[in-house]
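Structure at a glance
Next come the chains, spelled out residue by residue.
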Amino acid sequence: MTVELPPRYSPAEVESRIYARWEQAGYFNAEAESDREAYCIMIPPPNVTDRLHVGHALNNTLQDVLIRFQRMQGKNTLWMPGTDHAGIATQTVVEKRILADEGKRRIDFERDDFVARIQSWKDEYEATITRQLKLIGCSCDWRRQRFTMDDLCAKAVRENFFRLFNDGLIYRGKRLVNWDPATQTVLADDEVEYEQVKGHFWYMQYPLTEPVEVGGEKVDRVTVATTRPETMLGDTAVAMHPADPRAPALVGKRVRLPIVGRIIPIIADEHVTPPDPDSKDEKAQFSTGFLKVPPAHDPDDYAIAERHLEEIWRALAPEYSGRNPRELVFVNVLAPDGTISDKHGWNDAANTEEARNLLGMDRFEAREAIVEWFRTEGLLGETRDYVHEVGHSYRSHVPIESYLSDQWFIAVKKPISHLVEKFGEGLIDGTDVPANSLAGLALEPLLDGQLKFMPERYAKTYQTWLENLRDWPISRQIWWGHRIPVWSQDLELNVPAGAQHEGRGPTPQETAALDNAIGGNFGEKFKQHSVRFVLHVETHPDKDNWIRTYLCLDRDEPGAITMIENAGWQQDPDVLDTWFSSALWPFSTLGWPEEPPELKTFYPGDLLCTAREIITLWVSRMVMMGQYCIGDIPFADVFIHPMIQDGEGRKMSKSLGNGIDPIDIIDSHGADAMRYTLALMTTQTQDARMPVESVTLPDGRKVNTSPKFDIGRNFANNLWNAARFALMNLQEGAPCVDPDNMAFEDHWILSRRSRTVEAVTTGLKEFRFTDVAQAIYDFTWHDFCDWYIEVIKPRFGDPATGDQARAVLAFVFDTILRLLHPLMPFITDELWEHLNEAVPVRGVGEGTEAAESVMIADWPERLDAFDDLKLESHMESVQDVIRSVRNIRSKMNIGAQKPLTAIVSSTDAELRNVVEANRSLVQHMASISELVGAEAAAGPARKPLHSATEVIGRTEVFVPREGLIDREAERGRLEKNLT
């Protein structure tokens with residue numbers, strides 16, 4: 001038989017063929033029902049906004065490494081693929097594209113037509129992403145590929161919303177939220193990124209309605225300091241600290257708000273920082289002691305207004321009697337797009353010309369205009385430079401606004417009574433988090449050790465977030481996403497509603513109103529359509545003897561929807577936060593709320609591999625919803641991989657032009673080279689730097705790459721060359737390893753094999769990818785190629801020792817391919833096929849017939865019988881002697897083929913014996929014609945005349961130079977070095 005590899009490895013000729021063979025054979029497929037132990041990873045679904053970048057390649061490479069490792073360990077593995085609809089991000093991308101190409105905006109389309117446009121985008125990029133994952137080598141079960149808005153996932157989203165609504169955990173309310181003026185939607189706290197911004201403190205003077213004597217002086221104005229002058233239009237109070245010595249004279253007095261003319265009170269609140277220019281507290285350094293309070297535009301001011309609601313309202317009421325107190329106190333002066341507006345809660349803008357002139361201005365344009373007005377009117381004090389953190393949208397990257405808005409929320413710290421038996425009740429020790437609240441369900445598994453983070457430092461991020469978690473705003477003012485399944489209607493009662501609380505069931509009078517609205521018995525009407533519903537009733541906030549009703553249906557049953565919409569109920573136009581559906585990913589993809597075999601087999605899963613920025617956005621919510629919906633956490637381990645930066649430590653991005661497309665690297669280096677390099681870079685650090693350079697590929701494309709990928713390509717080429725040599729010497733096959741008939745080097749390589757198997761196995765179990773990649777490289781390149789192959793070359797022509805050398809060669813190379821397969825799957829399976837042709841049965845003793853693919857081969861075992869640390873130490877001594885002779889050759893410029901004599905002089909008798917026992921090995925590897933061993937002598941006699949010397953601990957290696965070198969030339973070289 002002739003087994004010969006091409007002289008060069010060509011990834012392009014191998015990878016597509018190998019991947020097609022894997023798919024056709026069904027190697028990726030998980031079994032819904034199996035006696036084998038299950039192992040499951042749910043892919044963090046990539047957003048369908050764009051192609052995958054090198055960060056995705058890293059994340060998915062690591063997952064594939066672990067899946068392939070567990071598959072080879074005999075597990076029933078499921079790696080679930082899929083994509084995320086990424087509501088805000090995808091809609092924003094498509095809106096920009098349509099505006100650029102067609103000059104149209106979203107409002108120029110019917111809702112369904114616009115959603116169809118986004119669906120087309122999704123279909124295109126989902127196909128691109130799937131292709132990219134396959135090119136990377138991802139061994140996902142593609143039969144089960146899911147999308148966060150497909151029918152299976154949508155059913156789970158609907159059921160979860162229904163249950164939360166039924167438990168009173170979802171409510172609608174006017175709250176201060178994080179608002180993105182660019183995308184015009186609300187954001188959760190963890191969707192806000194904080195950036196250092198250079199700004200100013202402006203010191204603005206508010207006139208008192210009447211002068212006041214303070215400390216013996218007449219005061220006719222107070223000075224407030226602010227970084228956001230435009231929000232002064234919404235001021236409804238000025239606050240000062242109650243301990244301020246000026247407070248007794250000023251608290252209770254009023255000021256006339258400049259520009260607007262609104263008369264607002266001065267109140268006392270401990271939140272205000274008293275001024276102290278010598279303080280280490282930066283707030284105290286910049287403070288005047290007076291704080292402007294626009295409650296609808298700052299969370300701290302919102303809290304102040306809540307504490308002083310009646311006090312502020314009573315001060316304002318004489319001029320605004322008959323108004324809702326909250327509408328009076330919480331004045332929103334912005335439109336959703338961030339422009340100044342009197343259409344969203346500002347009701348006294350028409351009182352002054354100055355205020356009317358600001359309407360329609362952008363918030364930052366208005367800031368400049370207001371500062372200029374104060375300067376012109378002589379009401380502007382100093383302006384001081386100030387650097388501070390400003391929240392930005394994680395999607396549009398514009399500064400967010402605190403915005404008073406009606407939104408749907410999830411009450412994350414509200415106790416859930418029916419979960420007490422399983423999860424307990426009361427506060428978790430040291431926190432204000434109830435054990436049976438959603439936040440508690442996510443926090444407790446971390447504290448009791450069920451949920452582990454690697455590296456461990458990220459557990460603190462998770463814990464701190466949950467302990468400080470506020471109610472989660474889940475409604476988004478966009479069209480792409482799961483539409484909120486709630487219909488609402490205001491109904492008039494025939495009798496007064498009386499004092500009511502929110503979110504309750506209907507009273508008899510209210511039931512009569514509901515029956516009247518729907519034209520019959522309310523409950524029976526829904527039974528006719530076989531649909532479950534939950535009804536929440538609230539007292540109307542503005543109308544006496546009216547109620548506001550919210551209907552939630554568990555599914556879109558056309559008859560039921562037609563019935564309620566004909567009766568006046570209207571569906572909420574908003575969609576759910578993307579993370580609401582993503583939170584269900586570990587089990588919505590498996591068929592929940594039904595209980596198919598897949599759910600029982602693969603939930604809970606085993607591992608989540610993700611990036612640090614979504615620990616709060618996603619990880620916490622998956623644990624939360626897994627506990628709430630199923631009663632168990634979705635995974636036990638969370639591995640947070642490092643973020644890839646460019647060589648200057650910058651985040652890779654399109655705008656900087658420093659991003660790397662993984663497909664470009666696959667085209668230039670091959671998938672295995674990319675995968676190996678990425679695994680090698682995956683340390684326990686927070687970030688990994690990758691120098692980026694622009695190159696031109698053979699096809700003329702100019703792309704970004706990194707010299708780091710050369711490491712993986714060189715390793716693949718070296719492995720290929722080693723395989724060519726091995727297969728050339730295995731053409732006639734090889735017997736199995738005879739453990740009773742091994743040479744020194746055979747035993748040594750098998751001992752090193754066991755050590756490497758242990759290191760790689762442990763490293764994969766502990767997610768130490770760098771250690772794994774390095775251990776395989778060291779064993780393959782240094783132990784196997786540099787030493788073992790070179791040592792056994794003379795044995796191939798010896799009938800007495802050649803067969804055993806070939807047997808060990810085949811067995812060790814088999815092990816290398818198995819260990820390396822998770823990292824470099826394509827080249828290892830290609831070489832495995834050729835090794836099978838040459839040596840189909842290999843191993844120790846009788847051996848076994850090899851699997852048809854290394855992908856389904858068993859993971860190698862240690863073989864403890866061959867472990868011999870002492871023998872490895874002896875081999876290390878032999879290697880040291882050989883290296884010493886080689887070093888002398890290099891220093892003296894003595895050619896490798898030139899025979900020489902070497903003297904090993906040592907006080908270590910054991911070393912002398914080891915060298916003597918392996919005389920032929922040393923002579924062969926160091927090209928020595930004569931090897932002399934001697935016990936170290938004392939004095940000058942220990943070193944032969946004109947000898948070069950290398951020292952290894954208690955051992956010296958001498959090489960007599962007489963006749964080997966040109967002494968005069970050598971003397972000249974040394975003198976030149978000295979000079």
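Source: prediction; values computed, not measured.

Cut-offs applied
Residues numbered from 1 in each chain as written. Predicted model: local features only at pLDDT ≥ 70, side-chain atom pairs only at ≥ 80, totals over all residues. Heavy atoms only, no water. Helix = DSSP H or I, 4+ residues; strand = E, 2+ residues; numbered from the N terminus. Buried < 20%, exposed > 50% of the residue type's maximum accessible area, 1.4 Å probe, protein only. Contact = heavy atoms within 4.5 Å. Areas by Shrake-Rupley, 256 points an atom, 1.4 Å probe, with all protein chains shown as cover. Lys, Arg positive; Asp, Glu negative; His and termini not counted. Charge placed at Lys NZ, Arg CZ, Asp CG, Glu CD. Expected span 1.5 Å × (residues − 1). Patch = residues over 30% accessible without salt bridge, like charges linked within 9 Å, V, L, I, M, F, W, Y side chains within 5 Å. Salt bridge = Lys/Arg side-chain N within 4 Å of Asp/Glu carboxyl O. Polar contact = N/O pair within 3.5 Å; in protein donor to acceptor, adjacent residues only side chain to side chain. pLDDT = per-residue confidence, 0-100. Core = buried A, V, L, I, M, F, W, Y, C linked by side-chain atoms within 4.5 Å. Pairing = 2+ DSSP bridges. Axes fitted to C-alpha atoms, helices over the stretch in contact; angles between N-to-C directions. Phe/Tyr/Trp six-rings, centres within 6.5 Å; stacked < 30°, edge-to-face > 60°.

1. Comments concerning the overall build of the protein chain
Along its length, the protein chain carries 33 helices and 34 strands. If one aligns the C-alpha atoms of the protein chain with their principal axes, the spans along those axes are about 115 × 80 × 55 Å. Relative to its full complement of 979 residues, the protein chain shows a buried share of 55%. Sequence separation of at least 24 residues holds for 76% of the intrachain contacts in the protein chain that already meet a minimum separation of 6. In the structure as shown, the protein chain presents an accessible area of about 42,000 Å², 47% of it carried by carbon and sulfur atoms. Separation of charge centres in the protein chain, based on 106 positive and 152 negative side chains, amounts to 3 Å.

2. Notes on unusual backbone geometry
Between Met454 and the following residue, Pro455, the backbone shows a cis peptide bond with an omega angle of -5°. With respect to the element layout, Pro455 can be found in the loop between strand E15 (452–454) and helix H15 (458–467). Following Tyr603, the chain continues into Pro604 via a peptide bond in cis, with omega recorded as 0°. Tracing the sequence through the fold places Pro604 in the loop between helix H21 (597–602) and strand E23 (607–610). The phi dihedral of Gln184 falls on the positive side, at around 55°, and the residue is not glycine. Along the chain, Gln184 turns up in the loop between strand E5 (170–180) and strand E6 (185–187). For Gln184, a relative accessible area of 33% corresponds to the partly exposed category. With phi around 65°, His397 is a residue other than glycine that occupies positive phi space. By the element assignment, His397 lies in the loop between strand E13 (380–393) and strand E14 (401–410).

3. Looking at helix H2 (residues 54–72)
Here H2 spans 27 Å end to end across 19 residues, near enough to the 27 Å set by a 1.5 Å rise per residue. Most of H2 is tucked away: 18 of the 19 residues are buried. One or two steps after H2, the chain reaches Gly74, where phi turns positive at roughly 90°.

4. A look at helix H32 (residues 919–926)
Turning to H32, its buried residues are Leu921, Val922, Gln923, Met925 and Ala926. Of the residues flanking the end of H32, it is Ser927, one or two places downstream, whose phi is positive at about 55°.

5. What to know about a negative patch on the surface
Where like charges cluster on the molecular surface, the negative patch consists of Asp276, Asp278, Asp281 and Glu282. Within the element layout of this structure, Glu282 appears in helix H7 (residues 282–286).

6. Quick look at the side chain of Gln63
Along the chain, Gln63 falls in helix H2. At 3.1 Å, the side chain of Gln63 and the side chain of Trp79 are in polar contact. With near-sequence residues (within four places) excluded, Gln63 lies in contact with Ile41, Met42, Ile43, Pro44, Trp79 and Cys609.

7. A word on the confidence of the model for the protein chain
Mean pLDDT over the protein chain: 91, with 96% of residues reaching 70 or higher. The low-confidence segment residues 497–501, where pLDDT is below 50, has six contacts with residues more than four positions distant or belonging to other chains.

8. What to know about the nonpolar core
Ranked by internal contacts, the top residues of the largest apolar core, which has 212 residues, are Phe453 and Met625. For this core, the element with the most residues is helix H27 (residues 769–792), which contributes 13 residues. Excluding residues within four positions of it along the chain, Phe453 makes contact with Leu446, Tyr458, Ala459, Tyr462, Ile615, Val619, Val638 and Ile640. Membership of the second largest hydrophobic core comes to 61 residues, among which are Tyr206, Val224, Leu233 and Leu250.

9. Things to note about the pairing of strand E8 (residues 217–226)
Across nine bridges, strand E7 (residues 192–214) lies against E8 in antiparallel orientation. Each residue of the ladder has a partner; that of Pro207, found in E8, is Arg221.

10. Structural notes on the sheet that holds strand E16 (residues 472–473)
Sheet strands pair via backbone hydrogen bonds, and the direction of the pair is either parallel or antiparallel. The antiparallel open sheet is built from four strands, whose spatial order is E6-E5-E14-E16. Edge positions in the sheet fall to E6 and E16, since each of these pairs with one other strand and no more. As paired strands, E5 and E14 are joined by ten bridges and run antiparallel to one another. Bridging from a neighbouring strand, Arg175 pairs with Ser405 of E14. The sheet contacts of helix H8 (residues 299–307) involve E5 and E14, and relative to E5 the element is tilted by about 140°.

11. Observations regarding the side chain of Glu872
Counting through the fold element by element, Glu872 comes out in helix H30 (residues 869–892). We classify Glu872 as buried; its relative accessible area is 11%. Among the polar contacts made by the side chain of Glu872, one reaches the side chain of Ser751 at a distance of 2.5 Å. Among the polar contacts made by the side chain of Glu872, one reaches the side chain of Arg755 at a distance of 2.8 Å. When sequence neighbours within four positions are dropped, the list of residues in contact with Glu872 reads Trp748, Ser751, Arg752 and Arg755.

12. Let's talk about the packing of aromatic side chains
Across all of its chains, the model carries 38 aromatic pairs by this definition. With a centroid separation of 6.5 Å and 35° between ring planes, the pair formed by Tyr206 and Phe374 is classed as tilted. With Tyr206 in strand E7 and Phe374 in helix H12 (residues 363–376), this residue pair connects regions lying 168 residues apart in the sequence. Among the residues examined, Tyr206 registers a relative accessible area of 0% and is labelled buried. For the ring pair Tyr676 and Phe715, a centre distance of 5.0 Å and an interplane angle of 50° mean the geometry is tilted. Of the two residues, Tyr676 sits in helix H24 (residues 671–681) while Phe715 sits in helix H25 (residues 709–728), which places them 39 residues apart along the sequence. In this pair, the class of Tyr676 matches that of Phe715, namely buried. Of the aromatic side chains, those joined through ring pairs into one cluster are Phe161, Phe165, Trp408, Trp472, Tyr550 and Phe580.

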